[in-house]
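If you want the building blocks of each chain, they are given just below.
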Amino acid sequence: MDPLDLARWQFGIVTVYHFLFVPITIGLSAIVAGYETAWVRTRNPHWLRLAKFFGKLFLINFAIGVVTGIVQEFQFGMNWSDYSRFVGDIFGAPLAIEGLLAFFLESTFLGLWIFGWDRLSPRLHATCIWVVHVGTLLSAYFILAANSWMQHPVGYRYNPRTGRAELHDFAAVLFNKVQLVTFPHVVLSAYLTGAAFVVGVAFWSMVRRGASDEDRGMYRSAARTGAVIALVAGLGVAVTGDVQGKIMTEVQPMKMASAEALYNTEGSAGFSIFTIGSLSGNQEKFAVKVPGLLSFLATGHTDSTVEGINQLLAQYKKTYGSDPGATYYSPGDYTPIIPITYWSFRLMIGLGLLAAAGAALILWLTRKGRVPTGRVWVWVAIAMPLLPVAANSFGWIFTEMGRQPWAVFGVMTTAHAVSPGVGAGTVLTSLLTFTLVYAVLAVVEIGLVLKYVRAGADPLPEDTGPNDTPDRPLAFAY
């Protein structure tokens, strides 16, 4: 077994598992803050119950996300020491700020929010969860700045004496043009994911047996607010994704060509809904296409030219040499694994569109005070949170796999980034250990979520008036 392949598998598993919780956390923090603000302004107890109910689910996801995020950072030193040594001066700066500023902000004000229900004024308490949300956005920004540098390295100088890339312009790293389109796209997808999570939980709670009429009305309000957020965020994801595709074509044309499995340069290139390629993966055999759509996605014009994989490969060999190190087909191959980029791109788009369509369906079903019944809607509720979570995962698979064989595009290949002194046995041991730990965490997380969802939103004490501040019995117990 090759340590490089095992290290790549481990990085993929750790990254995707961690990112299952990140968008839910970002989206839920905003929605919980919105519910609590609505309660502060209206004193409607339904909003307070929803804030506390979804606050519990937010905290579960936040805790699991923190644990998996720690492993995510440790593996850079474990399996990718040459990468860490080469880019640490640049990559470490935004990650250090994320830890010292953003995460500190999140954790501090999250503690105030958890334990401050009976100690802070309602307005101040609601402000705390808004600050937590701002902290999640800052964390996302600095982490995405580091990742965007890997996609489009700027603001650095190579020092031949030390053999390292050294930071030259931190502002260029923070305001990288890839970063400026990636951040809103990722954050809006997080709002879509968090809203779909709320829709799924609220809709299931609304249609389940035994729910009172009052609770059904409360969950209906939650489902509709979540559906509106999901629709608006879904539109934003589509717009920002379109802009991001054009920037991607500019800085990584091979990734766009691989997303379409476009082997040869075409004018007015079509976007295929389905493609069958040769066994060697170097030509197209059959495709169902929408004419001109790929050209529009890449450049904004349906009649423009999009470069193909074969032509770009010839350019890369001329620019970077014929042997970049061990890659995944043969020496000198600068193409990613085409089936993965092709299908992950389509699954990202398709599942995101299904999530937005599901939100529109929920709004239609709950119009004019309606509360739908029937087991089929339970399955709709279950599917709603899973669709954007899967879309986010496929989006990151496409983003990272589409850059291969580069760890830092045009600067360092993945084969040269792996730790030279770590053998296959060591990587395999850590891979199996982390997989086992993650399996346990998954069982715990699913169990806690199901426990709180089945229990539903806690009722308020009977003596709580519309202008009362929640007393100690309403405080969270964790």
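All of these numbers come straight from a predicted model, not from anything done at the bench. (Residues numbered from 1 in each chain as written. Predicted model: local features only at pLDDT ≥ 70, side-chain atom pairs only at ≥ 80, totals over all residues. Heavy atoms only, no water.)

Draft legend 1. Spatial organisation of the overall build of the protein. What the protein contains, in helices and strands, is 14 helices and eight strands. In terms of overall size, the protein behaves like a compact globule, its C-alpha atoms giving a radius of gyration of 24 Å where 478 residues would be expected to give roughly 23 Å. With the principal axes as the frame, the protein shows a C-alpha extent of 75 × 50 × 40 Å. Counting only residues that meet the buried cut, the protein has 51% of its 478 residues in that class. (Helix = DSSP H or I, 4+ residues; strand = E, 2+ residues; numbered from the N terminus. Rg over C-alpha atoms; globule rule 2.2 N^0.38 Å. Buried < 20%, exposed > 50% of the residue type's maximum accessible area, 1.4 Å probe, protein only.)

Draft legend 2. Spotlight on the packing of helix α9 (residues 253–260) against helix α12 (residues 338–365). Where α9 contacts α12, the axes come no closer than 7 Å and their chain directions differ by 80°. Here α9 is positioned roughly perpendicular relative to α12, judged by the angle of their axes. Residues S258, A259 and E260 of α9 pack against I338, T341, Y342, F345 and R346 of α12. Its residues placed into classes, the contact of α9 with α12 shows four nonpolar, two polar and two charged. (Axes fitted to C-alpha atoms, helices over the stretch in contact; angles between N-to-C directions. Parallel < 35°, antiparallel > 145°, perpendicular 65-115°, else oblique. Contact = heavy atoms within 4.5 Å. Nonpolar A, V, L, I, M, F, W, Y, C, P; charged D, E, K, R; others polar.)

Draft legend 3. Examining the nonpolar core more closely. Counting residues in each nonpolar core, the largest one holds 63 residues, and the members touching the most others are Y35, F54, L57 and W113. Residues in contact with L57, not counting those within four places in the same chain, are L28, F197, V201, V449, Y452 and V453. Grouped together as the second largest cluster of nonpolar side chains are 26 residues, V87, A165, M412 and A415 included. (Core = buried A, V, L, I, M, F, W, Y, C linked by side-chain atoms within 4.5 Å.)

Draft legend 4. Local environment of the pairing of strand β1 (residues 156–159). Relative to strand β2 (residues 164–167), β1 is paired through four bridges, and the arrangement is antiparallel. Paired with Y158 across the two strands is A165, which belongs to β2. (Pairing = 2+ DSSP bridges.)

Draft legend 5. Highlighting the environment of W406. In this structure, W406 sits in strand β7 (residues 406–408). Taking the relative accessible area as the measure of exposure, W406 reaches 5% and is therefore buried. In this structure, the C-alpha to C-alpha distance between W406 and A417, residues eleven residues apart in sequence, is 9.1 Å. If we skip the residues at most four places from it in the chain, W406 touches Y320, Y334, V411, M412, T413 and T414.

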